[in-house]
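Overview (structure and organization)
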Amino acid sequence: MDPAPFSPASASLAGIPGWLLFLLIPLAGLAWFAWLMVARVKPLLRAAPDPRFRDVPKRVLLVIKIWLGQWRQPRYMLAGVLHILLFYCFLVLGIRTSQMVFLGFMKSFDLPGFGGSLGTFYNISKDFAGTLCLLTVVVLAWRRGIVKPARYAVPPGLGKDHTAEALQVLGLIALLLVSESLFEGSILAATPGATATPMTMAQLFQVCLAGTSITALGRINAVAYAIHDLTFFYFLCLLPRGKHFHVITSLFNVFFMRLKPGVVKPVRHGVDEKGLDELTSFGVKKLEDFTWKHILDFYSCADCGRCSDQCPANRVKRPLSPRFITIKGRDHTFKRYPPTGEPSPDVPLIGGIYSEDEIWSCTTCGACEQECPLGIEYIDKIVDLRRGMVEEGMVPQTLQKPMSALEKRGNPWGKMEKKRADWGAGVAEGYKLKVAGQGDTAPTLYFVDSMTSYDDRMQKIAQATARIFNRAEVDFMVLGKDEKDSGHEVRRFGEEMLFQSLKQQNTEAILESKASRIVTSDPHAYNALKNDYTGLPPVTHVSELIAAGLENGKLKLQPLADPTRTYTYHDPCYLGRHNGLYDVPRQVIDAIPGLKRVEMDGKCRDRGFCCGGGGLNLFYEPTEEQRMSVLRVGMAKEAGANVIVTACPFCLTNMEDAIKVAGLEGQMEAIDLCELVAGQL
Amino acid sequence: MEILVCVKRVPDTAENEISVGAGGSDISRDDLVYAVNEWDNYAVEEAIQIAEREGGNVTVVALGEPEIEEVVRREMAMGAGSGLMVVDPAMDGSDGLGVATVLQAVAQKAKYDLIMTGAQAEDGAAQVGGMLAALLDWPYASLVNKIEVKEGSLRIGREIEGGAQEVSDIDTPCVLSIQTGINEPRYVGLRGIRKVASVEIPVLDAAALALKPGTTGPAAAKVKRVDYFVPAAGAGAEMLTGSTEELAAQLVDLLRQNGGLN
């Protein structure tokens, strides 16, 4: 096949030699792009440290799964599949685009390795990709412009609608695809005997241009090239200015994403607990207090709205939308570090960018992080912002009482320490609970935590747990008055020093008890002891102990007295999402003969919907349209359940209240997994 | 503006189970936890806000056992610039007038434009603020829930019975007793307290304050507590029965009949 008798490099546009023009466009484009990137990198260099360069193999696997494999995309099926198509087309067409840049000033050019049969194969692939990509863009534009899914809407007060930006970018992509095909088609039309890839735009243009004079084809070719070149560099320089920055940053954001769930970042990376007193400021108060990863998160947000769509706080209309935590952070970063012009004033983040209520509204349930296809983090940012607020004294009055009680009495209600194990009297007639510190010893330590220890209703969970231990022949003890609140909520509330103090007291008491393992029935305590504390004996949740008891035959469950009822399991966030315990509690429930269990489809397991209890929210009085737990009870009802089984005292109290609020008393009930099991022994 | 705020360390009523002690003239003090009196905390917050707005310094003073240091430091962590402690066993058992006499001596050791107290103490009798003003011969306003600083005077709002609001101008120097709700006191965390842990707090006694013997302490007290008891539960509790709607309707009727609703 003869090469085409023309090329952009040998063309001349408005009297300027093509090769010169098409050399200047990329040089100018790249220079401006580099300038923009310098402005974007600057805040990353001034931000707080975060050592994320370790665990490279794990990170590469994440890139393969979440970035290259687009693992989280199909969680929203239509949008996800469309994005996957677009993503792979971009990967394929990126090679062609690079080649195209060189074709502007060189008559022929192949990227290294693309000269031979790989090149032929590639050319067919890129023609198909271009056409498929255009079809995808059309569907995407129809969705953005006509269908307008609710999750893309911008609530009042949070800026302008983002549709125009999205459509502009789709238009640019379409222009790139069409101009590339026209460029290709004009060459095909001018090349005798050339065969276009069938069913592609290139073929369409070849057919349309058949019979056109070589001179005209040469001009069409040069103009198509110019359009492509200009569009590409315009697009490239547009990327770092908005939500399409993710095209560049997503690879890095996924590579550096959080590896371990359940944990909260230290106040400052590189400063250990002993060094905390030396820090002059705690938490995030101004932009540069964020870690560089958190600013990279801002850059990487694609504005897809999935986080907010899954956020329970957003669902009940609390003043929090995780999507706008990021968007507002990004806009602020861009204004503070503009590529040209004066930076905006250095306003405090709280009051200037975010509101106090917005930051207190989060339950740290983790639904947003679970959903984000780009690995953007929220919990650490929220906790860091709270640390700053706590230091500045900006704490709602309703939360100040429980904090002071935790400091003085080790529980948020200010109940007497000596009454912490009083629930033991209710286990059985004449039952005597073993208490470490009163001379008792046992290999297993039951860490009860505050709510289960003191709340009249939740004490029943402790009593049921004790009965299960006894039936499973597990010799156990509790810490009694030496047990303090695990501090799980305290830490996520941002009061790190109080958390450290509680942690230290508990750690000492636990080690002194000589226990060889810890069991807890509270997922918050479980997560704290397992992920926030260090140097403790192994920690398990009671559901795992029950499962083991069923396995070894020590626990046998009787059939249900009332087999007409339908059960559903509500995943506590700190058991499920933060620790991956989805199946064990379900296995335990299913082991009860005659029990019928249904799932709350689409809102269970890693999409479980928070009850509203996390992060001291039990004590917070937010402005909201309705309670999260009322919504949750509605989901259970819709699934056809009349018994909600959960495995967390916070969830249980919220579900029981919600059943009353929703007027479903008598029709629905909530029960803890331990109570359910203990009732069937 | 130089402001002195008088604070008291009291058993935290929210976090204690209060019972009468064996002697019958005091509560049982084993296992108690203490806090700054809630009204005083609002007064300190208000003083800090005024100083932040108008300039000046806030001094916090407490009287009692050495443990009062805990509350003085907490209020300093909030933002009070300096603290004072009056510790003298001879003053234990003072009545309200005795306490006011000590505070008068404290107030006269420096030049203050404004002295604030809480409207009352959780374990007190709401008397020290007024007595202190009288001893100093300064103007006094009680139950203040709004303060605006003017030249040589303050415009203050007072909450009066029935939720009505009264606005007055008061010349400085003056004494104000502060009502809760005047502001939203800021949170003080462990970190804040540690930051002021090494700030020196002067400790004064009767001699340092040049108090005349016999003006404070049990001997000078003209009010003496003679008994302390929990009233026996009276009869007359009425249990309502019925559905939630019926209960609500009955409750509204009862409230209306007994003048609880207008």
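Remember, it's a predicted structure, so these values are computed and weren't measured experimentally.

**Some points on the packing of helix H25 (residues 628–638) of chain A against helix H26 (residues 649–661) of chain A**
Residue and element names in this part refer to chain A.
- Between H25 and H26, the least distance of the axes is 8 Å, while the angle of their chain directions is 80°. It follows from the interaxial angle that H25 and H26 lie roughly perpendicular. Where H25 approaches H26, its residues Ser629, Val630, Arg632 and Val633 are matched on the opposing element by Asn654, Met655, Asp657, Ala658, Ile659 and Val661.
- Of the residues belonging to the contact of H25 with H26, the class tally is 6 nonpolar, 2 polar and 2 charged.

**Things to note about the sheet that holds strand E7 (residues 566–569) of chain A**
Residue and element names in this part refer to chain A.
- Across the sheet, which stays open at both edges, the 4 strands sit in the order E8-E7-E9-E10 with parallel pairing between neighbours. Where the open sheet ends on each side, the last strands, each with one partner, are strand E8 (596–598) and strand E10 (669–672). Between one strand axis and the next, the sheet turns through 35° on average, direction left out of account.
- With 3 bridges joining them, E7 and strand E9 (residues 643–646) adopt parallel strand pairing. Paired with Thr568 across the strands is Ile644, a residue of E9.
- Strands in contact with H26 are E9 and E10; relative to E10, the strand with the most contacts, it is inclined by about 170°.

**Here we look at the interface of chain A and chain B**
- At the junction of the two partners, chain A supplies 21 residues and chain B supplies 16 residues.
- If you list the elements that add at least two residues to the side of chain A that touches chain B, you get helix H16 (379–392), helix H17 (397–409) and helix H21 (496–513) of chain A.
- Counted by class, the side of chain A that touches chain B contains 8 nonpolar, 6 polar and 7 charged residues.

**A few points about the packing of helix H5 (residues 163–190) of chain A against helix H6 (residues 201–209) of chain A**
Residues and elements named next belong to chain A.
- In the contact formed by H5 and H6, the axes pass within 7 Å of each other and the chain directions differ by 50°. The orientation of H5 with respect to H6, classified from their angle, is oblique. Crossing handedness for the pair H5 and H6: right-handed. Residues Val178, Ser181, Leu182, Glu184, Gly185, Ser186, Leu188 and Ala189 of H5 pack against Met201, Ala202, Phe205, Gln206 and Leu209 of H6.

**Digging into the sheet that holds strand E4 (residues 57–63) of chain B**
Residues and elements named next belong to chain B.
- The strand order E9-E8-E7-E10-E6-E1-E4-E5-E11 describes an open sheet built from 9 strands, whose pairing is mixed. Of all strands in the sheet, those bounded by a partner on one side alone are strand E9 (164–171) and strand E11 (203–204).
- In the sheet, E4 pairs with strand E5 (residues 82–86) via 5 bridges, with the strands oriented parallel. Each bridged residue has a counterpart across the sheet, and for Ala62 the counterpart in E5 is Met85.

**What about helix H22 (residues 523–532) of chain A?**
Residues and elements named next belong to chain A.
- Along H22, 8 of the 10 residues are buried, which leaves the element largely enclosed by surrounding structure.
- Those residues of H22 lying buried are Pro523, His524, Ala525, Tyr526, Asn527, Ala528, Leu529 and Lys530.
- Buried residues along H22 sit in contact with strand E3 (444–447), helix H20 (488–493), strand E5 (517–520), strand E6 (539–541) and H26.

**Regarding unusual backbone geometry**
- Thr172 of chain B connects to Pro173 of chain B through a cis peptide bond whose omega is 0°.
- Looking at where Pro173 of chain B falls in the secondary structure, it is placed in the loop between E9 and strand E10 (174–178).
- You will see that Ala14 of chain A, though not glycine, has its phi angle at about 50°, which is positive.
- Along the chain, the position of Ala14 of chain A falls in the loop between strand E1 (12–13) and strand E2 (16–17).
- The class for Ala14 of chain A is exposed, based on 5 C-beta atoms found within 10 Å.
- Backbone geometry places Asp137 of chain B, a non-glycine residue, at a positive phi of 60°.
- Relative to the assigned elements, Asp137 of chain B resides in the loop between helix H4 (128–136) and strand E7 (140–150).

**Here's the deal with helix H2 (residues 56–68) of chain A**
Residues and elements named next belong to chain A.
- Along H2, the residues classified as buried are Leu62, Ile66 and Trp67.
- Contact partners of the buried residues in H2: helix H8 (246–255).
- Gln70 occupies a position one or two residues after H2 and carries a positive phi of about 50°.

**Quick look at the environment of Cys365 of chain A**
Residue and element names in this part refer to chain A.
- Within the secondary structure, Cys365 sits in the loop between helix H14 (356–360) and helix H15 (367–371).
- On the neighbour-count criterion, Cys365 (29 C-beta atoms within 10 Å) is buried.
- Counting along the chain gives 207 residues from Cys365 to Pro572, while the straight-line C-alpha distance between them is 8.8 Å.

**Overview of the domain arrangement of chain A**
Residues and elements named next belong to chain A.
- Looking at the assigned domains, one finds that chain A contains domain 1 (12–241), domain 2 (273–393), domain 3 (409–550) and domain 4 (566–679).
- Each of domain 1 and domain 2 has a C-alpha centre, and these two points are 32 Å apart.
- Counting residues at the interface gives 23 residues for domain 1 and 25 residues for domain 2.
- Per-element tally for the side of domain 1 that touches domain 2: the top contributor is helix H1 (residues 18–46), with 8 residues.

Cut-offs applied
- Residues numbered from 1 in each chain as written.
- Chains lettered and ligands numbered in written order.
- Predicted model: local features only at pLDDT ≥ 70, side-chain atom pairs only at ≥ 80, totals over all residues.
- Axes fitted to C-alpha atoms, helices over the stretch in contact; angles between N-to-C directions.
- Helix = DSSP H or I, 4+ residues; strand = E, 2+ residues; numbered from the N terminus.
- Parallel < 35°, antiparallel > 145°, perpendicular 65-115°, else oblique.
- Contact = placed C-beta atoms within 7 Å.
- Nonpolar A, V, L, I, M, F, W, Y, C, P; charged D, E, K, R; others polar.
- Pairing = 2+ DSSP bridges.
- Left-handed = near helix turned anticlockwise from the far one by under 90°.
- Buried ≥ 20, exposed ≤ 12 C-beta atoms within 10 Å, placed from the backbone.
- Domains from an automatic or database assignment.

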